[in-house]
Each structure stands twice: as structure tokens, then as C-alpha cells.
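Here are the chains, one letter per residue:
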Amino acid sequence: PLIKGIVGWIDLRDPSLEERLQYFGQYPLIKGWRHIVQGEADDFLLNKDFQQGVRLLRSFDYTYDVLIYHHQLPAAVAFLDALPDQKFIIDHCAKPDIRNRSLTEWEKHMRRIAAHPNVCCKLSGLFTETHWKNWSAGDFYPYLDTFTFQDEDGDDEGAYARHGDAHGSKLRHDISAAKEAYTRPISTDARLFMSKKLITCAGGKKREKKFIYLHKK
């Protein structure tokens, strides 16, 4: 089928949340949930009622997508620390401030998030965070480079899966220009990179969803 999975919205602070999750369990296309936290206060993720709602998702094998702006990352780090058993996906690389070439603080927080084995990241939607009519491929590379780093043994490791593979180191080179990354087919290496991260982030089970992907038109 064309649609492999759906990430929906549900009121995670609803007192009847567990009942609602049981109801939606009849729809296997629903893979996870997200709240548009980017439209909330910076400390929204620290709300205890909200965290309790997210904590319930694990019982139903649902993921939670963290949709935030870069300035909400400090709260996101604390949020992830509080929920080590829940599977998370950071949407759109936490929307870094590419427009102003701000990297240091975003990278610091993202590397802290990378230490969580239960967290993955979607490489998508970055064009909305730069100048729509005045950008170059090089604008994106400092941010894409963050998603592959060396561990203490000097081995390449994907930033959002503790058991990375060497193909992660080729991701940047597979994207010769940002425009091409959004229009051309993904290379074999990139597909393998994403597939292995998918299996790792899904707890070793192949599932009809990809947590790390390139958004193509």
C-alpha cells in the first residue's frame, strides 16, 4: 500500500487516554503520536501530566514524535531523560536555525540526545528553516554532518542508533547538493543506512515505517 504508517495526534493529557489508545489499537496503520510542541511554551515537555501520557504509549508499542524548534531542545533533553523506555523520533532535526547559521548550541543538545539508544531522528523538512529563495547546498552540510560521528574507539556510528554502521559515514557524500537530496532516488548506501537504523530503533523488529529518512518530492 502507498501509506505505510500514520503518526497521529491525541490528547496525551486526557484522563481517559488509556481507553482512547485501546480504541485506536484496532487500526494497525497508526504507528505513533505527536503533539505540535513547536507551538507551545519552551518548557511544555516538562509538564508531568503530558509526560505521564507519553509514558503510556510504550504499552501499546507506539512511538512518539518530538516536534520542536531548536530553542526548545533543553527541555527536550530533560524530557527524554525522564522517559528512557519510550521510543522517540526527533522530527526535522529539531528545526535548527539554519537561516542564521547557528550551530553550536543545537549541536551540543543533539549530541546529548544521541546518547539515548531509544531515540531516532528524521532528516527532513530542513528547507523551512533556511532562506527559501536564497540558499545553497553548503548551508545544510554542517547540520547533516552532526548525524555521523566517531565513538571512543574511532568507529563511525550513526548518531541516532547506538549500534550504527559504517554506511552512516557516507550519508553526507550521498547528498551532493541539498536540492538533489530532495529530488533524486536515494542511493543504495543511504537505503542500507536507513534500513539498519530502522531495525535498531524498532527494537530489532522490521516494521512498516522508517524513522530516519530523506524527504523527497
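For the structure itself, consult the block above.
A. Summary view of the pairing of strand β3 (residues 63-66). Covered by surrounding structure in β3 are Thr63 and Asp65 together with Tyr64 and Val66, the residues of both alternating faces. Bridge count between strand β2 (residues 30-35) and β3: four bridges; the pairing is parallel. Looking across to β3, one finds that Trp33 is bridged to Tyr64. For the crossover from β2 across helix α2 (residues 48-57) to β3, the handedness is right-handed.

B. Local environment of the packing of aromatic side chains. In this structure the tally under the stated criterion is 16 aromatic pairs. Arranged with centres 5.6 Å apart and planes meeting at 80 degrees, the rings of Trp33 and Tyr62 form a pair that is edge-to-face. With Trp33 in strand β2 and Tyr62 in the loop between α2 and β3, this pair connects stretches of sequence that are 29 residues apart. For the pair Trp33 and Tyr62, one class covers both residues: buried. Relative to Tyr64, the ring of Phe50 lies with its centre 5.9 Å away and its plane at 75 degrees, an arrangement referred to as edge-to-face. Within this pair, whereas Phe50 is found in helix α2, its partner Tyr64 is found in strand β3, the two being separated by 14 residues in sequence. The class for Phe50 is buried, based on a relative accessible area of 1%. Three or more aromatic residues joined by ring pairs make a cluster, and in this case those are Tyr23, Phe24, Tyr27, Trp33, Phe60 and Tyr62.

C. Region of interest: the side chain of Gln51. Relative to the helices and strands, Gln51 resides in helix α2. With relative accessibility at 4%, the residue Gln51 sits in the buried group. When near neighbours in sequence (up to four residues on either side) are disregarded, Gln51 contacts Leu45, Leu46, Phe79, Ala82 and Leu83.

D. Examining the sheet that holds β3 more closely. Strand order in this open sheet of five strands is β1-β2-β3-β4-β5, and the pairing throughout is parallel. Each end of this open sheet is capped by a strand with a single partner; those strands are β1 (6-8) and β5 (119-121). Neighbour-to-neighbour, the strand axes of the sheet open up by a mean angle of 30 degrees, direction not taken into account. Direction of pairing for strand β4 (residues 88-90) relative to β5: parallel, over a ladder of three bridges. Bridge assignment links Ile90 to a residue of β5, and that residue is Cys121. Packed onto the sheet, helix α3 (residues 73-82) meets β3, β4 and β5 and runs at close to 165 degrees relative to β4.

E. Structural context of the nonpolar core. By size, the foremost hydrophobic cluster in this structure holds 41 residues, and its most contacted members are Val54, Tyr64, Phe79, Phe88 and Ile90. Counting residues per element, this core draws most heavily on α3, at five residues. Apart from the residues within four sequence positions on either side, Val54 is in contact with Leu12, Tyr64, Phe79, Leu83, Gln86 and Phe88.

F. Focus on a nonpolar patch on the surface. On the surface, a cluster of nonpolar side chains totalling about 420 Å² of accessible area is made up of Leu2, Ile3, Ile6 and Leu29. On the secondary structure map, Leu2 appears in the segment before β1. Judged by its relative accessible area of 86%, Leu2 is exposed.

G. Representation of the pairing of β2. Burial analysis of β2 places five of its six residues in the buried class, the great majority of the element. One ladder, built from three bridges, connects β1 with β2; its direction is parallel. For Ile6, the partnering residue across the bridge sits in β2 and is Ile30. The handedness of the β1 to β2 crossover, carried by helix α1 (residues 17-24), is right-handed.

H. Representation of α2 in the model. Listing the buried residues of α2 in full gives Phe50, Gln51, Gly53, Val54 and Leu57. Projected down its long axis, α2 carries its buried residues within an arc of 160 degrees, all on one side. Exposed residues lying more than 90 degrees from the buried face of α2 are Lys48 and Asp49. As for α2, its buried residues are in contact with α1, β2, β3, α3 and β4.

Quick notes on the rules
- Residues numbered from 1 in each chain as written.
- Predicted model: local features only at pLDDT ≥ 70, side-chain atom pairs only at ≥ 80, totals over all residues.
- Heavy atoms only, no water.
- Buried < 20%, exposed > 50% of the residue type's maximum accessible area, 1.4 Å probe, protein only.
- Helix = DSSP H or I, 4+ residues; strand = E, 2+ residues; numbered from the N terminus.
- Pairing = 2+ DSSP bridges.
- Right-handed = clockwise from strand over helix to strand, strands pointing away.
- Phe/Tyr/Trp six-rings, centres within 6.5 Å; stacked < 30°, edge-to-face > 60°.
- Contact = heavy atoms within 4.5 Å.
- Axes fitted to C-alpha atoms, helices over the stretch in contact; angles between N-to-C directions.
- Core = buried A, V, L, I, M, F, W, Y, C linked by side-chain atoms within 4.5 Å.
- Patch = residues over 30% accessible without salt bridge, like charges linked within 9 Å, V, L, I, M, F, W, Y side chains within 5 Å.
- Areas by Shrake-Rupley, 256 points an atom, 1.4 Å probe, with all protein chains shown as cover.
- Salt bridge = Lys/Arg side-chain N within 4 Å of Asp/Glu carboxyl O.
- Arc of directions from axis to C-beta.

The analysis is restricted to geometry; functional conclusions fall outside its scope.
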